[in-house]
Amino acid sequence: MITIWGRLNSHNVKKIAWAVIEMGLVHRRIDMGGSFGFTPGYLAMNPNRMIPTIEDNGLVLWESNAILRYLADAHAPDFRSSDPAERALGDKWMDWQFHFADAQRDAFLGCVRQGKVGSEPAVARSAEASCAMMALLDAELATRPWLSGKRFGIADIPMGVYAHTFYTLPIPRPDLPHLAEWYARLRLRPGYAETVMIPLT
Ligand SMILES: N[C@@H](CCC(=O)N[C@@H](CS)C(=O)NCC(=O)O)C(=O)O
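Residues numbered from 1 in each chain as written. Predicted model: local features only at pLDDT ≥ 70, side-chain atom pairs only at ≥ 80, totals over all residues. Heavy atoms only, no water.

Draft legend 1. Seen up close, the sheet that holds strand β3 (residues 53–56). Taken in spatial order, the four strands line up as β2-β1-β3-β4 in an open sheet, and their pairing is mixed. The outermost strands of the open sheet, each flanked by one partner alone, are β2 (27–30) and β4 (59–62). In this sheet, neighbouring strand axes are inclined to one another by 20 degrees on average, regardless of whether the strands run parallel or antiparallel. The pairing of β3 with β4 spans four bridges and is antiparallel. Each residue of the ladder has a partner; that of Glu 55, found in β4, is Val 60. Along the sheet face, helix α1 (residues 11–23) touches β1 (2–5), β2 and β3 and points at about 160 degrees away from the line of β1. Seen against the sheet, helix α3 (residues 64–75) touches β1, β3 and β4 and runs at an angle of roughly 140 degrees to β4. (Pairing = 2+ DSSP bridges. Helix = DSSP H or I, 4+ residues; strand = E, 2+ residues; numbered from the N terminus. Axes fitted to C-alpha atoms, helices over the stretch in contact; angles between N-to-C directions. Contact = heavy atoms within 4.5 Å.)

Draft legend 2. Region of interest: the site of the ligand. Close to the ligand lie Arg 7, Ser 10, Asn 12, Gly 33, Gly 34, Phe 38, Met 50, Ile 51, Pro 52, Glu 63, Ser 64 and Phe 98, which account for all nearby residues. Within the side chain of Asn 12, a nitrogen or oxygen atom sits 3.5 Å from an oxygen atom of the ligand. In the environment of the ligand, an oxygen atom lies 2.7 Å from a nitrogen or oxygen atom belonging to the backbone of Gly 34. Protein chains shield 77% of the accessible area of the ligand, which is 500 Å² for the free molecule. With respect to the pocket detection grid, the ligand is positioned in the largest pocket. Class assignment of the residues belonging to the shell around the ligand gives a composition of five nonpolar, five polar and two charged. (Near = heavy atom within 4 Å. Polar contact = N/O pair within 3.5 Å; in protein donor to acceptor, adjacent residues only side chain to side chain. Areas by Shrake-Rupley, 256 points an atom, 1.4 Å probe, with all protein chains shown as cover. 1 Å grid on protein atoms, 1.4 Å probe; cavity = no way out; pocket = protein on both sides within 12 Å on 5 of 7 lines; lining within 4 Å. Sits in = over half its atoms within 2 Å of the grid points. Nonpolar A, V, L, I, M, F, W, Y, C, P; charged D, E, K, R; others polar.)

Draft legend 3. Representation of empty space enclosed by the protein within the structure. Using the criterion set out here, one finds one cavity of 30 Å³ or more in the structure. Its boundaries defined by the atoms lining it, the largest cavity holds a volume of some 60 Å³. Lining of the largest cavity is provided by Phe 79, Arg 80, Ser 81, Glu 86, Arg 87, Gly 90, Asp 91, Met 94, Ser 148, Ile 154 and Ala 155. By residue class, the composition of the lining of the largest cavity is four nonpolar, three polar and four charged. (Points joined across faces, edges and corners; volume = space filled by probe spheres on them.)

Draft legend 4. Quick look at the packing of helix α4 (residues 84–113) against helix α6 (residues 157–168). Contact geometry of α4 with α6 gives a least axis separation of 9 Å together with a crossing angle of 20 degrees. What the angle tells us is that α4 and α6 run roughly parallel. Note that α4 runs across α6; the crossing there is left-handed. Where α4 approaches α6, its residues Trp 93, Met 94, Trp 96, Gln 97, Phe 100, Ala 101, Gln 104 and Phe 108 are matched on the opposing element by Pro 158, Met 159, Tyr 162, Thr 165 and Phe 166. Taken together, the residues that form the contact of α4 with α6 break down as 10 nonpolar, three polar and no charged. (Parallel < 35°, antiparallel > 145°, perpendicular 65-115°, else oblique. Left-handed = near helix turned anticlockwise from the far one by under 90°.)

Right, here's the structure in full:
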């Protein structure tokens, strides 16, 4: 049984909650962080005061993308390419997601948590930066069906989570056909619908 700590309205927690469903892993999730606060027991496992953290077979692990890589390596090798080049390309977009999160942060916090509108300068700047970065992802998705390579895998998960926010925020978006088509395929996945396609809060 894998235990996941973290509130589900966190992008980084959604990654793990989605991944364990994709991989068919027995798990439970315990709310932590945000309005739930942190227990002393949790902070002993993860002194960063951040979510998510998991425990699996005695291993305590934090950093969401490290968790995704561990889950694939330990339980679901099909979710990570064995080809070094293909794997590296997937890793690249997993790491790039943190830059995207920085770009989209003001639009997300402004529209979802601070009641601002898209015309507010910080929101508009963030929306514009997000669109510029998503154009790069769109160009990448013109070259292969999944960020993980020929089939879906963990490299699709970080930006998959952020893509839902991108397409849900009330911001102007350019036509990005490859990105839109990838997002449409993600939306057909039951684990994505259950854990990612939930109201933004
Ligand atoms: N690099 C870390 C970032 C973790 C992070 O920023 N988590 C946010 C939620 S998305 C957090 O813990 N915020 C404080 C809180 O929820 O109380 C990871 O990928 O796990």
